[in-house]
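Fold and contact review
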Amino acid sequence: MSAKKVLFITQEITPYVPESELSLIGQNLPQVIQDKGREIRTFMPKWGIVNERRNQLHEVIRLSGMNLIIDDTDHPLIIKVASVQAARRQIYFIDNDDYFQHRLMTTDENGTEYEDNGERAIFYARGVLETVKKLRWCPDVIHCHGWMSAMVPLYIKKAYNDEPSFRDSKVVFSVYGDGFKSNLADNLHEQLKLKDITADDAKMMNSPVNYTELCKLAISYSDGVVQNSENVDSEIMDYARGLNLPVVDYKHDFEEYAEACNLLYDQILVND
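Now for a look at the structure at hand. (Residues numbered from 1 in each chain as written. Predicted model: local features only at pLDDT ≥ 70, side-chain atom pairs only at ≥ 80, totals over all residues. Heavy atoms only, no water.)

**Re the packing of aromatic side chains**
All told, the structure shown has 10 aromatic pairs when counted by the stated rule. Both rings, one in phenylalanine 100 and one in phenylalanine 123, keep their centres 6.3 Å apart while their planes meet at 50°; by these two values the pair is tilted. Of this pair, phenylalanine 100 sits in helix α2 (residues 97-101) while phenylalanine 123 sits in helix α3 (residues 117-135), placing them 23 residues apart in sequence. You can call phenylalanine 123 buried: its relative accessible area is 0%. Residues phenylalanine 180 and tyrosine 211 carry aromatic rings whose centres are separated by 5.9 Å and whose planes lie at 85° to one another, so their mutual orientation is edge-to-face. Separated by 31 residues along the polypeptide, phenylalanine 180 in the loop between β9 (170-175) and α5 (188-191) and tyrosine 211 in helix α6 (residues 211-220) bring together distant segments of the chain. Side by side, phenylalanine 180 and tyrosine 211 carry an identical accessibility label, which is buried. Put simply, the rings of Trp47, Tyr99, Phe100 and Phe123 pair up and form one aromatic cluster. It is arginine 103 that lies over the ring of tyrosine 114; its NZ or CZ is 4.8 Å from the centre. When the ring centre of tyrosine 160 is taken as reference, the NZ or CZ atom of lysine 195 above it lies at 4.6 Å. (Phe/Tyr/Trp six-rings, centres within 6.5 Å; stacked < 30°, edge-to-face > 60°. Helix = DSSP H or I, 4+ residues; strand = E, 2+ residues; numbered from the N terminus. Buried < 20%, exposed > 50% of the residue type's maximum accessible area, 1.4 Å probe, protein only. Lys NZ or Arg CZ within 6 Å of the ring centre and 35° of its normal.)

**Here's the deal with the state of the cysteines**
Within the structure shown, the criterion is met by 0 disulfides. Lacking any disulfide linkage, cysteine 138 is separated from the closest cysteine sulfur, that of cysteine 144, by 17 Å. By relative accessible area, which is 33% here, cysteine 138 ends up partly exposed. Take cysteine 144: it sits in no disulfide, and the sulfur closest to it among the cysteines is that of cysteine 215, at 12 Å. (Disulfide = S-S within 2.5 Å.)

**Concerning the sheet that holds strand β7 (residues 89-95)**
Taken together, 9 strands build an open sheet; the order of strands is β3-β6-β7-β2-β1-β8-β9-β10-β11 and the sheet is mixed. Only two strands of the sheet have a single partner each, and these edge strands are β3 (58-59) and β11 (247-248). Across 7 bridges, strand β6 (residues 78-84) lies against β7 in antiparallel orientation. Residue valine 81 lies in a different strand from β7, and its bridge partner there is tyrosine 92. On top of the sheet, helix α1 (residues 21-35) reaches β1 (5-10), β2 (39-45), β7 and β8 (141-145); it is set at about 170° to β1, its chief contact. (Pairing = 2+ DSSP bridges. Contact = heavy atoms within 4.5 Å. Axes fitted to C-alpha atoms, helices over the stretch in contact; angles between N-to-C directions.)

**Considering the side chain of serine 165**
Relative to the elements of secondary structure, serine 165 occurs in the loop between α4 (152-158) and β9. For serine 165, the side chain forms a polar contact with the main-chain oxygen of tryptophan 137, separated by 3.5 Å. Those residues within four positions of serine 165 in sequence are excluded, and the remaining contacts are Val132, Lys133, Arg136, Trp137, Cys138 and Pro139. (Polar contact = N/O pair within 3.5 Å; in protein donor to acceptor, adjacent residues only side chain to side chain.)

**Observations regarding the pattern of salt bridges**
Evaluated as defined, the whole model comprises 16 salt bridges. When the shortest N-O distance is used, the salt bridge between lysine 80 and aspartate 95 registers 2.9 Å. Within this pair, whereas lysine 80 is found in strand β6, its partner aspartate 95 is found in strand β7, the two being separated by 15 residues in sequence. Looking at lysine 80, the relative accessible area reads 8%, which means it is buried. The exposure class of aspartate 95 is buried, given its relative accessible area of 0%. When the shortest N-O distance is used, the salt bridge between glutamate 235 and lysine 216 registers 2.8 Å. Taken as a pair, glutamate 235 in helix α7 (residues 234-242) and lysine 216 in helix α6 lie far apart in primary sequence, 19 residues in all. Residues joined in a network through salt bridges with shared partners are Lys46, Glu52, Lys80 and Asp95. (Salt bridge = Lys/Arg side-chain N within 4 Å of Asp/Glu carboxyl O.)

Following this line, the structure appears as structure tokens:
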């Protein structure tokens, strides 16, 4: 079985944010996969540092307007889009005035991590999935990059598993060496709850929730794992292998890496 449609949910994409290992992959991998004949969609947060005018972002009114409830508080979901003309593809941006619009990325001007980064990741994950539902697009594979996307596998397998858009979707989680230093909120297990999800569904994620624990949550509900950075905590990769998941080891060469991802997409569909 071939993965015809691939959804990329990533934390960073250049040139919208500065170049990094993550942002370069966020730009280049979807393009290669599209060039291989697969249909793609790509999402990232609309960080406050993204220059909307220079990058020609505009709000998609028909997709915006929903409120997502986190911790009993309503948070309006705003969807923006930019076109990469030469590449024949679009980038969708998840925005919200409180979580993204008036801030930098995951840290403030002093390099201090935002205390509500866990909430922001939850909003981002749910915002992407609600938008894909509205697009009535059914991805065969969902490839998550960066810890801001780490809640997606849980939601796909537990909260959105009966949704027509995601009923047959497989999830790949890419692990990077750069995570976060400050533990996430003590009540993250409660904040994650949605529909039939309970705190017990995140019991493999021990408190306090550090980067390693968050990756364990993502991997537990993924169908394949990719080691995207050369230096990744061995505990994380050992955890993936302990679950007998298909694992793509780190590749120095980008073309070799992209081809390994491309093959993995078909492999996890066959393994169903």
